[in-house]
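Each chain is listed here by its residues.
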2 protein chains.
Amino acid sequence: MTSDTKRRGRRPAGADTKSALLDAAREVFTEQGYEGATVRAIAKRAGVDPAMVNHWFGGKEGLFARAVLQLPVDPEVIVNELVSGEVDTLGERVVGRFLTVWDSTGGGQFAALIRSVAGHQMALEGLRDLFMNHIFRHVTDRVAQDNSLFRANLVASQLIGLGMVRYVAKFDPMVSTDIPTVVAAVGPTLQRYLTGSIT
Amino acid sequence: MTSDTKRRGRRPAGADTKSALLDAAREVFTEQGYEGATVRAIAKRAGVDPAMVNHWFGGKEGLFARAVLQLPVDPEVIVNELVSGEVDTLGERVVGRFLTVWDSTGGGQFAALIRSVAGHQMALEGLRDLFMNHIFRHVTDRVAQDNSLFRANLVASQLIGLGMVRYVAKFDPMVSTDIPTVVAAVGPTLQRYLTGSIT
């Protein structure tokens, strides 16, 4: 796909463009690292207009999320969904959404994400930027009275750890506990991290 | 060290024995996996009496913790320390102890542990057995009124995630937040998982 794209130069928006951008992104992020890779360089490699990156992926971080981290959802969609509901059920909705997203791929994709992040600085920087700057900071900035960044870190710690125990280490009984039971146990933790007392 | 030990056969207890057991354990766990490896096989490889494994490491799981996971502390010592204090400050003490243990190695050893666990089934099984059967189940069995295993899973999820964010992904500001501040934020979560309502 990539070499074919290179031969043909710029091409119209569509499924081929999206696929070419994903291929080019994996190459450029690997070569340049997360910080070094630019939307311009990725678009050039794919032979498409740089505006297509924003059109299809909402920017560099969204492209990284899909191409390298292979997240099963668009982070921007998730953020909008989370912040549009009641503030005092936000904790439950965050953990519920986390579980439905990753349970849907049988947990294998979360395990792959952790392996990738644990072994590669580039994936780690991308995950950190995505999680902090493009997901949870948007959430905590809207609901937290103070310590927005530290609160986002706390939320990340509980969600990442939940993923580790449920999908990677597969602790029993967490690996097979139904979502409402996990939401009931973990929701209040996230609610306190988001809007409660943490001192 | 290992080949030297093999030549000389059984030897008295001491630093050499301990070191020979650690070397032999790394080999046998790698060859046989966590479940397949036996104390007897490891002791034989090291050329020492199997009783030395219990003497130095408290059993197979303790030997695994030191040889493969390279935990900076003896899990049995930690459990005794945790359960000997007041029940209503247990959550704070658990997270405080977790942070002092891993901060002491600059976090690098936790990151190495996660890389090892993420990539190897053997390390993962050993970690799960250690965490659930030899650390937290002892703690939750003594303090929890119900759901002891699920509570231990929840504690594990918050601690492992905290380690991921502080030592592996190095989220700012968590990477440099002082221990009392983290304990104040996370302690109540662990206290609820251990002794509070989770339904």
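Rules and cut-offs
- Residues numbered from 1 in each chain as written.
- Chains lettered and ligands numbered in written order.
- Predicted model: local features only at pLDDT ≥ 70, side-chain atom pairs only at ≥ 80, totals over all residues.
- Helix = DSSP H or I, 4+ residues; strand = E, 2+ residues; numbered from the N terminus.
- Rg over C-alpha atoms; globule rule 2.2 N^0.38 Å.
- Core = buried A, V, L, I, M, F, W, Y, C linked by C-beta atoms within 7 Å.
- Buried ≥ 20, exposed ≤ 12 C-beta atoms within 10 Å, placed from the backbone.
- Contact = placed C-beta atoms within 7 Å.
- Axes fitted to C-alpha atoms, helices over the stretch in contact; angles between N-to-C directions.
- Parallel < 35°, antiparallel > 145°, perpendicular 65-115°, else oblique.
- Left-handed = near helix turned anticlockwise from the far one by under 90°.
- Nonpolar A, V, L, I, M, F, W, Y, C, P; charged D, E, K, R; others polar.
- pLDDT = per-residue confidence, 0-100.
- Least-squares fit on C-alpha atoms with pLDDT ≥ 70 in both.
- Domains from an automatic or database assignment.
- Expected span 1.5 Å × (residues − 1).
- Arc of directions from axis to C-beta.

Caption draft 1: Expanded view of the overall build of chain A. Summing up its helical and strand segments, chain A has 11 helices and zero strands in all. Shown N-terminal to C-terminal, the secondary structure of chain A runs as helices and strands in the order α-α-α-α-α-α-α-α-α-α-α. Radius of gyration (C-alpha) of chain A: 18 Å, near the 16 Å computed for a compact globule of 199 residues. The principal-axis extent of the C-alpha atoms belonging to chain A is close to 55 × 35 × 30 Å.

Caption draft 2: Unusual backbone geometry, seen in detail. All names here are of chain A. With an omega dihedral of 10°, the bond running from aspartate 172 to proline 173 counts as a cis peptide bond. Counting through the fold element by element, proline 173 comes out in the loop between helix 10 (148-168) and helix 11 (179-195). Located in the positive-phi region is lysine 170, a residue other than glycine, with phi close to 50°. Along the chain, lysine 170 falls in the loop between helix 10 and helix 11.

Caption draft 3: Highlighting the nonpolar core. Among the nonpolar cores identified, the biggest contains 136 residues, and Leu21 of chain A together with Leu21 of chain B are the most heavily contacted of them. The contact partners of leucine 21 of chain B, leaving out residues within four places of it in the chain, are Ile42, Ala46, Val48, Met52, Val53, Trp56 and Leu63 of chain B.

Caption draft 4: Focus on the packing of helix 2 (residues 15-36) of chain B against helix 9 (residues 121-143) of chain B. Residues and elements named next belong to chain B. For the pair helix 2 and helix 9, the least separation of the axes is 8 Å and the interaxial angle reads 45°. Considering their axes alone, helix 2 and helix 9 lie oblique with respect to each other. For the element pair helix 2 and helix 9, the recorded crossing hand is left-handed. Contacts from Phe29, Gly33, Tyr34 and Glu35 of helix 2 reach helix 9 at Met122, Glu125, Gly126 and Asp129. A breakdown of the residues in the contact of helix 2 with helix 9 according to their chemical character gives three nonpolar, two polar and three charged.

Caption draft 5: Molecular detail of the confidence of the model for chain A. Residues and elements named next belong to chain A. Mean pLDDT over chain A works out to 87, with 93% of the residues at or above the 70 mark. Confidence scores differ between elements of chain A, with helix 1 (residues 2-8) showing the lowest mean pLDDT of 45 and helix 11 the highest of 97. Listed scores for the predicted complex are pTM 0.84 and ipTM 0.84.

Caption draft 6: Geometry of the relation of the copies chain B and chain A. Laying chain B over chain A is done by rotating through 180° and shifting 0.0 Å along the axis; what remains is an RMSD of 0.0 Å. The symmetry that links the two subunits is that of a two-fold axis. Every residue of chain B has its C-alpha some distance from the rotation axis, and the shortest such distance is that of glycine 161 of chain B, at 1.8 Å. Both copies contact each other with a shared surface, as 100% of the interface residues of chain B are interface residues in chain A too.

Caption draft 7: Fine view of the packing of helix 9 of chain B against helix 10 (residues 148-168) of chain B. Residue and element names in this part refer to chain B. In the contact formed by helix 9 and helix 10, the axes pass within 9 Å of each other and the chain directions differ by 115°. On the basis of their axis angle, the class for helix 9 and helix 10 is roughly perpendicular. With respect to the hand of their crossing, helix 9 and helix 10 are arranged in right-handed fashion. Contacts from Phe131, Met132, Phe136, Arg137, Thr140 and Asp141 of helix 9 reach helix 10 at Ser148, Leu149, Arg151, Ala152, Val155 and Ala156. Partitioned by chemical class, the residues of the contact of helix 9 with helix 10 number seven nonpolar, two polar and three charged.

Caption draft 8: The interface of chain B and chain A, seen in detail. Counting residues at the interface gives 34 residues for chain B, matched by 34 residues for chain A. Residue contributions to the side of chain B that touches chain A peak at 14 residues, all from helix 10 of chain B. The residue inventory of the side of chain B that touches chain A, partitioned by class, reads 23 nonpolar, eight polar and three charged.

Caption draft 9: Seen up close, the domain arrangement of chain A. Residues and elements named next belong to chain A. Looking at chain A, the domain boundaries give domain 1 (2-67) and domain 2 (75-195). Spacing between the C-alpha centres of domain 1 and domain 2 amounts to 27 Å. Contacts between the two partners involve nine residues from domain 1, matched on the other side by eight residues from domain 2. Listed by contribution, the elements that provide at least two residues to the side of domain 1 that touches domain 2 are helix 2 (15-36) and helix 5 (60-67).

Caption draft 10: Spotlight on helix 8 (residues 108-119) of chain A. All names here are of chain A. Its 12 residues place the ends of helix 8 17 Å apart at the C-alpha level, agreeing with the 16 Å of an ideal helix rising 1.5 Å per residue. Along helix 8, the residues that are buried comprise Phe110, Ala111, Leu113, Ile114, Val117 and Ala118. Each buried residue of helix 8 sits inside an arc of 155° when the element is viewed along its axis, so together they form one side.

Caption draft 11: Summary view of helix 7 (residues 90-103) of chain A. Residues and elements named next belong to chain A. Spanning 14 residues, helix 7 covers 20 Å between terminal C-alpha atoms, matching the ideal 20 Å at 1.5 Å per step. Listed as buried for helix 7 are Leu90, Gly91, Val94, Val95, Phe98, Leu99 and Trp102. Packed against the buried residues of helix 7 are helix 6 (75-83), helix 8, helix 9 (121-143), helix 10 and helix 11.

Caption draft 12: Spatial organisation of the environment of valine 28 of chain A. All names here are of chain A. Within the secondary structure, valine 28 sits in helix 2. Note on valine 28: 23 C-beta atoms within 10 Å, which makes it buried. Note: C-alpha distance between valine 28 and proline 75 (47 residues apart in sequence) is 21 Å.

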